Amino acid sequence: MSVTAAPAPARSAADVRRDELAAFLRSRRERIPPERVGLPRGTRRRTPGLRREEVAQLAAVGVTWYTWLEQARDIHVSAQVLDAVARALLMDASERAHLFALAGTADPAPGGECAVVSPELRQVLEQLEPFAACVQNRRYDILAYNRTYGRLLTDLDALEPQDRNCLWLTFTHPEWRGAVPHLEETMAQMTARFRAAMAEHVAEPAWKALLKRLQRASPEFREIWDRHEVLCARAKTKTFQNAEVGLVRVTNTPLYLGAREGFRVTVYAPQDEASRERLVRLRELAVAAEAARAPAGGAPAAAGGRSSG
């Protein structure tokens, strides 16, 4: 009498997705030469690209945990850890979106299309020139900006979208920091406002990811954060020392678009005629740079279309 083997149990969608995630991570890891991330190649390397323990080290996660992830084990994967792995593996926007989709987790980093930044709102930003203006949320992500704001503290167009965050730039970006005359006071006030705003978002991945990223990158931020100071946002005057045009004095006015997330258009109006002239000059420089970047025979992109979100 012949015996028929029982059919293998059907694999769940979660099993398939974990397998895909594991294979995707391996493929990304194996394509990165160690020299690209500042690691020595050595003479005994048999693994193409990076080793698992090197990815774990770069992402500041446990080697065992990362190994299980590549083995498609059924383990919990947080958005913050996926964010660190994506950065360690130098993923671009498409790869990052694929990673989070496979993991079934919302990406905590700003990116993609932001519903609040409509084409009409981009036109408003453009019409405000030469006044500097941008769209931000309570997390200090810069979701869109006009040409004047794009050159006010640094060249925002040269930054990756995930780095266009005022708090991150204030603690980590040399040129941005150099444009802030009262840096220590500014860092303390921004951190206090971030802590006050985070009270309503303590469990949200995007907020926790930004906090962890700042704590890892900046001893100054860690020291200020540990003071537990809080401060509510308010309109105020600001002074910037722009590297191209000099001192710019402005009044910062936020116009709120959404209550909970704190979406707002922030307009920087000049306080004096010299500052107005310098904002006009900044816009001229931005337009010239935009024209230089445009392909031959093509038209430069409209300022209102510039958006990091």
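Here, the structure is the one placed above.
Residues numbered from 1 in each chain as written. Predicted model: local features only at pLDDT ≥ 70, side-chain atom pairs only at ≥ 80, totals over all residues. Heavy atoms only, no water.

Trainee: Help me understand helix 9 (residues 183-198) in this model?
Mentor: Along an α-helix, residues three or four apart share an orientation, since each turn contains 3.6 residues. Compared with the 22 Å implied by 1.5 Å per residue over 16 residues, the 22 Å span of helix 9 between its first and last C-alpha is a close match. Counted residue by residue, helix 9 has 12 buried out of 16 residues, so it is predominantly covered. Considered for burial, the residues of helix 9 that qualify are L183, M187, A188, Q189, M190, T191, A192, R193, F194, R195, A197 and M198. (Helix = DSSP H or I, 4+ residues; strand = E, 2+ residues; numbered from the N terminus. Expected span 1.5 Å × (residues − 1). Buried < 20%, exposed > 50% of the residue type's maximum accessible area, 1.4 Å probe, protein only.)

Trainee: Can you help me understand the environment of P205 in this one?
Mentor: Within the secondary structure layout, P205 lies in helix 10 (residues 205-217). In the structure, P205 is positioned 126 residues away from A79 in sequence and 6.0 Å away in space, judged by C-alpha atoms. Discounting residues that sit within four places of it in the chain, P205 has contacts with A79, Q80 and P108. (Contact = heavy atoms within 4.5 Å.)

Trainee: Looking at this model, I keep getting lost on the nonpolar core. Mind explaining?
Mentor: Across soluble globular proteins, nonpolar side chains show a tendency to be buried alongside one another. In terms of nonpolar packing, the biggest core is built from 39 residues, with I142, Y149, L152, L156, L167, W176 and F194 touching the most fellow members. Taken together, the elements giving at least two residues each to this core come down to strand 1 (132-136), strand 2 (142-145), helix 7 (166-172), helix 9, helix 10, helix 11 (219-225), strand 4 (246-256) and helix 12 (273-293). With six residues, helix 9 is the single largest residue contributor to this core. Discounting chain neighbours no more than four positions away, the residues touching L152 are A132, F240, N242, V248, L279 and L282. (Core = buried A, V, L, I, M, F, W, Y, C linked by side-chain atoms within 4.5 Å.)

Trainee: What is the right way to look at the pattern of salt bridges in this model?
Mentor: Side-chain pairs of opposite charge can arise whenever the charged atoms involved come near each other. A full pass over the atoms with the stated rule returns 23 salt bridges. Notably, a salt bridge pairs R293 with D157, separated by 3.0 Å at the nearest N-O pair. Here R293, found in helix 12, pairs with D157, found in the loop between strand 2 and helix 7; they are 136 residues apart in sequence, far enough to count as distant. Look at the salt bridges and you will find they share partners, linking E126, E129, R147, R283 and E290 into a network. (Salt bridge = Lys/Arg side-chain N within 4 Å of Asp/Glu carboxyl O.)

Trainee: Just to check I follow, could you spell out the side chain of R28 for this structure?
Mentor: Examined against the element boundaries, R28 turns out to sit in helix 1 (residues 13-30). Within polar-contact distance, the side chain of R28 engages the side chain of E95 at 2.7 Å. With sequence-adjacent residues up to four places away left out, R28 is seen in contact with L89, M91 and E95. (Polar contact = N/O pair within 3.5 Å; in protein donor to acceptor, adjacent residues only side chain to side chain.)

Trainee: Can you help me understand the environment of E95 in this one?
Mentor: Residue position: E95 is located in helix 5 (residues 93-103). Look at E95 and you get buried, because its relative accessible area is 12%. Taking the C-alpha atoms as reference points, E95 and R28, separated by 67 residues in sequence, lie 9.0 Å from one another.

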